[in-house]
Each structure stands twice: as structure tokens, then as C-alpha cells.
Amino acid sequence: MRRTGQGGLDDLFDTLKSFSRKKDPHAGMDTGNIDGQGGGNSGGSGGGKKPKLPGFRIPGVLLILILAAVYLSQGAWYSLDEDNYAVVMTLGNAETVSQAGLHFKLPIIQRVRKVSKVIMGMPIGYVQETDVTIPEEAIMITKDFNFVNTDFYLEYMVSDPVKYLFASENPEATLKMLAQSYIRDTVGVYNVDDVITTGKAAIQSEIKEKLTNRMIQEDIGISVVNITIQDAFPPTDEVLNAFKNVENAKQGADTAVNNANKDRNEKIPQAEAACDQIIKSAEAQKQARINEAEGQVSRFEQMYAEYSKYPLITKQRMFYEAMEGILPDLKVYITDGGGTQTLLPLDTFGSTVVQAGAADAGSQPAPAGAR
């Protein structure tokens, strides 16, 4: 028995019908001719008709069982897990089933196709298994007319399984073609230095936005999840070494700037602390001098008040107080030169006179009464 859809059932029904009509091969034959006797139930006449044997017919229960076996053999159910959609097609009409579990369908009338729900990936510019670059996909030209090898990895998922199956003959190929177009269009507006070093995030974001909007317009049941630059490098070793040197120089500059900022952050608080200390010391010194001046002014005012009452006595007292502070530090020499007293307050001058007197002591006697 063949399982060939509707044609298989037709063949089965034709076989059963022909089999039910089939007669016994001995039905209708003259039994008298077989055993050579003319007698029989008809009184010995050899030309009488014999009764026919009944034909073979299939019971109704057996026919139902056969049909049930055919029904089950054609697949009356299907199972669905959490990672797949089921698209059930009934006479050309498609319906999406997303609930996991066991589901029934009508054999021959309904067909089921499963579509994955999980996020899938697509390498662009290289072979994922071997990591070999595909030059026609990877090599592109930048804004400053430099060539660069750029590898991308595109992540996508099925958002509408019915459109995924029937809106496009090959939705993955359409997605890859559009992604390559937007990749080249976006990389072409950036300099090679940005593509290789600092502009990767902006390039990825711009490509994802453009590709997402285009897939919404195409409406083929696929949505873009993410696209990332796996690697970007110049096509020749010489250019690659030059870019490495530039990158090292940038890192060195960043390190120098960071060290300078660190030194600044350390020294500025120290300088501010020293400045505060100087200001506080100056303020204290200013206040001390102000207090001292105010004290002197207060004493002067008190003295002036006393002076106003007793001018002569105050003058004498002030003179004596001044002499008490001055005379202890003076050396007085009395000579007989006309009875005049000379006060010599300078130690250096006094020592010079003493030395000169000592030098003359050997030639002439010292003056009388010298002290």
C-alpha cells in the first residue's frame, strides 16, 4: 500500500471495491461435469444450473479500522516546543501556532512547517567556522580613500513566521544583501582611523538603525537584533603597523594627560592648604599688630591725660624712664678737655678709642682721673 496523499487513498478505495466484487472461481460451474454424473438435485439432468457461491465482502468495522490506520499514518498530530513556531497551512491559508505542546491536524488537508524563534547569527566578511576573510564582502573603501577589511556579525530573528515563509523566496539572502549595502554606505562616510579605532560604536549604531527601518519596509518577517564589528584592519601589513604606531602614540598621549591630571589633583590641594595657612598667619599677625597699636594708643591717651594734669612732673618721669632704658647700654668716658662730658653710645667707636689709648700708653702716661 502506498502513502501518496489523496492519490494513495483513491488507489486504496479502488482496490477495496474490486476486492469486494471478486467472485469465487468455481461459482457458476456445472458440478455434474466435474464428477461426470448427471444426477443431482435436479433428478439426474446434467444441464441444470448450480447455485453460485457468495462473493467475499469486507466487514464495515474492518473498513473503518483500515481508514483510521491510513488517517494516522498520514500524521494526525504534531508536537511543538518553546523554540519554534508552527505554520499550519489549510488549503492555501496559513496560520501561526506558537503555543508549545501537542497539536492535531487534518492529514492531507493540512500541512505544518516549523520556524525557529531563537536569535540567529550571520557572519558578513568572513567564514565563521574557519575565520577566513571573504575579500568581496570585507574589503571596502573609506571616506579618505583608504581600503579597510571589516568583519561584521549580524544577529536577527523571525518576527512573523508566515511572512518569513511566503513573503520572500530567500529572506536570509535579502537580509544579507541589504546589510552589505548599508555597511558599505556607512563605512564610506568615515575615515579609516575612525573605522579601525574610535568610530566603531557610531558605525554599528548607524547601520543597525538603517537596516531595521529597511526591514520594516520590506516586511518579510525578519527583525534585526544587533550588528557588531568583529574586526577592522588595513589590508596590508605596512599600513597595519602604521596604524598600530598611531594607536600607541594616542595611548601614550592619554597616559601623559592622565599623569598630568593626577599630579595637578595632588598639588592643587597642597597649594591651597599652604595658601590658607599663609592667609591665616597674616590675619593673625595683622590682628596682633592692631591690638598692639590699640594698646599703645590707649597707654598714650592715659599718659596724655596725666600730662595734661601735671605737665612738668610727667615730663621728668618720662625723661627718667627714657634714661633708664638708654643709659645701661652706654659707655661714658670723662676727659679733662675743658670739663666737657662726651657720651659715646657706639661700641665699635668706643673699642677703637680704647685700642688707640692702649697704643699710646707706652709712650705717655694716661690722663689723670680717667675711668
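Scoring rules and cut-offs
Residues numbered from 1 in each chain as written. Predicted model: local features only at pLDDT ≥ 70, side-chain atom pairs only at ≥ 80, totals over all residues. Heavy atoms only, no water. Helix = DSSP H or I, 4+ residues; strand = E, 2+ residues; numbered from the N terminus. Buried < 20%, exposed > 50% of the residue type's maximum accessible area, 1.4 Å probe, protein only. Areas by Shrake-Rupley, 256 points an atom, 1.4 Å probe, with all protein chains shown as cover. Pairing = 2+ DSSP bridges. Expected span 1.5 Å × (residues − 1). Polar contact = N/O pair within 3.5 Å; in protein donor to acceptor, adjacent residues only side chain to side chain. Contact = heavy atoms within 4.5 Å. Phe/Tyr/Trp six-rings, centres within 6.5 Å; stacked < 30°, edge-to-face > 60°. Lys NZ or Arg CZ within 6 Å of the ring centre and 35° of its normal. Patch = residues over 30% accessible without salt bridge, like charges linked within 9 Å, V, L, I, M, F, W, Y side chains within 5 Å. Salt bridge = Lys/Arg side-chain N within 4 Å of Asp/Glu carboxyl O. Axes fitted to C-alpha atoms, helices over the stretch in contact; angles between N-to-C directions.

**Points about the overall build of the chain**
When its secondary structure is counted, the chain shows eleven helices and eleven strands. Here the chain, with 371 residues, has 21% of them falling under the buried criterion. Approximately 25800 Å² of the chain is accessible, and the part contributed by carbon and sulfur atoms is 56%.

**Brief notes about the pairing of strand β1 (residues 77–80)**
Only one face of β1 is covered, namely the face carrying Tyr-78 and Leu-80; the face carrying Trp-77 and Ser-79 is uncovered. With four bridges joining them, β1 and strand β4 (residues 101–104) adopt antiparallel strand pairing. Note that in β4 the partner of Trp-77 across the bridge is Phe-104.

**Quick look at helix α6 (residues 171–187)**
Helix length check: α6, at 17 residues, gives a terminal C-alpha distance of 24 Å against a target of 24 Å (1.5 Å per residue), a fit within 8%. Within α6, the full set of buried residues consists of Pro-171, Thr-174, Leu-175, Leu-178, Ala-179, Tyr-182, Ile-183, Thr-186 and Val-187.

**Considerations on the side chain of Glu-137**
Note on placement: Glu-137 falls in helix α4 (residues 135–138). Here the side chain of Glu-137 touches Gly-125 through a polar contact of 2.9 Å, landing on its backbone nitrogen. Excluding residues that lie within four positions of it along the chain, Glu-137 makes contacts with Ile-124, Gly-125, Tyr-126, Lys-176, Gln-180 and Arg-184.

**Focus on the packing of aromatic side chains**
Counted according to the given criterion, the structure contains one aromatic pair. Over the ring of Tyr-85 we find Lys-117; its NZ or CZ atom is 5.1 Å from the centre of that ring.

**What to know about unusual backbone geometry**
Note on backbone geometry: most residues besides glycine have negative phi, and most peptide bonds are trans. Positive phi is not limited to glycine here, since Asp-131 has a value of about 60°. Along the polypeptide, Asp-131 turns up in the loop between β6 (120–124) and α4. Overall, the relative accessible area of 56% leaves Asp-131 in the exposed class. You will see that Asp-219, though not glycine, has its phi angle at about 55°, which is positive. Of note, Asp-219 is situated in the loop between α8 (200–218) and β9 (222–233).

**What to know about the environment of Thr-212**
When you line up the elements, Thr-212 lands in helix α8. When the C-alpha atoms of Thr-212 and Ala-179 are compared, they prove to be 9.7 Å apart, with 33 residues separating the residues in sequence.

**Some remarks on a nonpolar patch on the surface**
The grouping of Leu-91, Leu-106, Ile-108 and Ile-109 at the surface amounts to a nonpolar patch, some 370 Å² of accessible area in total. Relative to the helices and strands, Ile-108 resides in the loop between β4 and β5 (110–116).

**Focus on the sheet that holds strand β3 (residues 93–97)**
In space, the three strands of this open sheet follow the order β3-β2-β5, with antiparallel pairing throughout. Looking along the sheet, the strands with just one partner apiece sit at the ends: β3 and β5. Strand-to-strand twist of the sheet, defined as the mean angle between neighbouring strand axes without regard to direction, takes the value 25°. Across seven bridges, the pairing between strand β2 (residues 84–90) and β5 is antiparallel. When the sheet's bridge partners are listed, Asn-84 is paired in β5 with Ser-116.

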